[in-house]
Each structure stands twice: as C-alpha cells, then as structure tokens.
Amino acid sequence: MAEAPPHDPSHADVSAPEPFLIIRPSRGWSALNLKELWQFRDLLFTLAGRDLKLRYKQTALGVIWVLLQPLMAAGIFAFVFGTVAKLPSNGTPYLLFSFAGLLGWNLFGNTLTKTSTCLVGNAQLISKVFFPRLVLPLSTVPSALVDFAVAAGMMAVLMAAYGVAPGWGLLLAPVWLAILLAIALGIGLIASALTVSYRDVQYILPVFLQILLYASPVAYSVSAVPEHLRTVYYCNPLTAPLEALRSSILGSGPMPGWGALAWSAGVAAALVVLGAMSFKRMERRFADVI
C-alpha cells in the first residue's frame, strides 16, 4: 500500500479565504461600539430617506399632512382650553400658544412612536443582513426632525400673521429640543427592544402617549396648575423642556427654573444610557425572535 505523501504546510488551506469580519457578542460599554455606528452612517441616512419617501408616496396631500395635523389639533385645543375653559395663555393668542406646545410634543411623540416600531417594521432586514441594530432606531431621528422643520416653518408664518416676534430665548430652543429628543430616544430604545418579544407594547404605547399628552403642558400652561401641585407636576421630565421651548419661541411666559430643567436633562441622559444598554443587552436574540 502506497504511503500518503508528507504534509506540506505551504499548500495547506491555500484556497480558504480569511474572514473579513468576525462577529462576537460583547458586553459592557464596548457593546455600544460608536465607531461601528459611524462606519454605517450612510445606511442610517438611507433608511431615514426611505422613511420620508414611503410615508408620503401614495398620499394625495403629501407633506401637507405635517402641517394639517398640528393645525387641527391646535385649533381644537384653542377652542376647548382657550374659549370654553378660558385657561391663561400668557397674553398670546391661544392658537399660537397651543401650536408652539405641539411643536415640541410632536417631535417627542413622533420620535418615540417611530423608534418603538422600527425593529418589527424591518424584520426581514434584521434576520438576513448584518449591521449595527442601533442604526434602525437612530434613523428615525432625521425624519422626525424634517417633520419638525416643516411645522416650525408654519409656526413662523402664524407668528408673522399675528404680529408676534420671538425673543433672544429662541437661541436656547435647540437645547430644549435635544432634551425632548433624548427622552424620546431613551424610551423608544427600550420599547423597540421589548416589542420584538412582546407585541403588546405597540398597543400600550399609544395609550401611554395619550395620557402623557394631557399630563404635560401642551394645551395649557404650567400656570394653570394649582401651585401646591407644581412640584409634583415638574416630576414629569417633559414639563420643563416643553414649557421652556414655548417660552423661547413666543418670547413670552415664565421660563421654568434651572432646577426643573436640570432634572429633565438628567432624566434624559439617564434614559439614553439605560435605553442603549437595554437595547444592546437584548439585541443578540432579535434575529431569532422577530
């Protein structure tokens, strides 16, 4: 029987390609991998652009819906809270007052709603393609900001029609918007991860948002809340940035205290960290469960 030729290491596994990327589960802060997110930034903006195109692709009014929805809501709030209930509006026409509140609320609500359903809505992509899953919830932020920009343009038209000019506080508006976005993103990351395993979350969230709408100073001012309840009322982290945003835009009304704003900013930062860590902790079973 012929003996097998000696093993030549120079010819071993010559045709076997070396792996380009090795996927391993990670733990702790390294799981966030911000460098990897930056490498996939093109995908993030592509998904954001796709969201904008699909949302208005087969609608007769298109982007006009972004204007009609807050306008109709502001009109209803102006009638119910301004005309019927006669709540104070800090000397501002109630339509402007409620529309300014809806600007911040819609940015928060749209971001939270889109983030919470982004994983279920991209189930096929998650189960077939490798990419940082955090790209999906983060891709909802640019489209929400585009909607906000369109509505903000309408706000400028209304202010010009009523002869209301903003003050220097408008320069601080991006700070209040960042706090609202951070709160929405933090809650949304947790909700999106939970929705993969528990679809009940997508039915509970609209009810939660409806309750939170009336527990926040959107259609009314904090000054309408009894003084002995305001400390408890400011425990809602949305209260201070919503009131501050309206005051910055309209240039009227009291600005919340720095203690309340610091509380909201701290809660926002904690929610972002908690949301990101919870999302990454549950990420490894998304493809199997979704």
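So, here's what we can say about the structure. (Residues numbered from 1 in each chain as written. Predicted model: local features only at pLDDT ≥ 70, side-chain atom pairs only at ≥ 80, totals over all residues. Heavy atoms only, no water.)

The number of helices and strands found in the protein is 13 helices and 0 strands. Helices and strands in the protein line up, N terminus first, as α-α-α-α-α-α-α-α-α-α-α-α-α. A total of 290 residues make up the protein; the buried ones form 42% of that total. Put simply, of all contacts in the protein between residues at least 6 apart along the chain, 79% involve residues at least 24 apart. As displayed, the protein offers around 16,100 Å² of accessible surface, 67% of which is attributable to carbon and sulfur atoms. (Helix = DSSP H or I, 4+ residues; strand = E, 2+ residues; numbered from the N terminus. Buried < 20%, exposed > 50% of the residue type's maximum accessible area, 1.4 Å probe, protein only. Contact = heavy atoms within 4.5 Å. Areas by Shrake-Rupley, 256 points an atom, 1.4 Å probe, with all protein chains shown as cover.)

Soluble globular proteins tend to pack their nonpolar side chains together in the buried interior. In terms of nonpolar packing, the biggest core is built from 72 residues, with Trp105, Phe108, Leu119, Met155, Leu238 and Phe286 touching the most fellow members. For Phe108, the residues in contact, after removing those within four places along its chain, are Leu180, Ile183, Ala184, Leu209, Leu212 and Leu238. (Core = buried A, V, L, I, M, F, W, Y, C linked by side-chain atoms within 4.5 Å.)

A few words on unusual backbone geometry. With phi around 55 degrees, Lys86 is a residue other than glycine that occupies positive phi space. For Lys86, the location among the structural elements is in the loop between α3 (64–84) and α4 (94–121).

What follows deals with the environment of Pro174. By the secondary structure assignment, Pro174 is in helix α8 (residues 173–197). Taking the C-alpha atoms as reference, Pro174 lies 8.6 Å from Leu245; in sequence the two are 71 residues apart.

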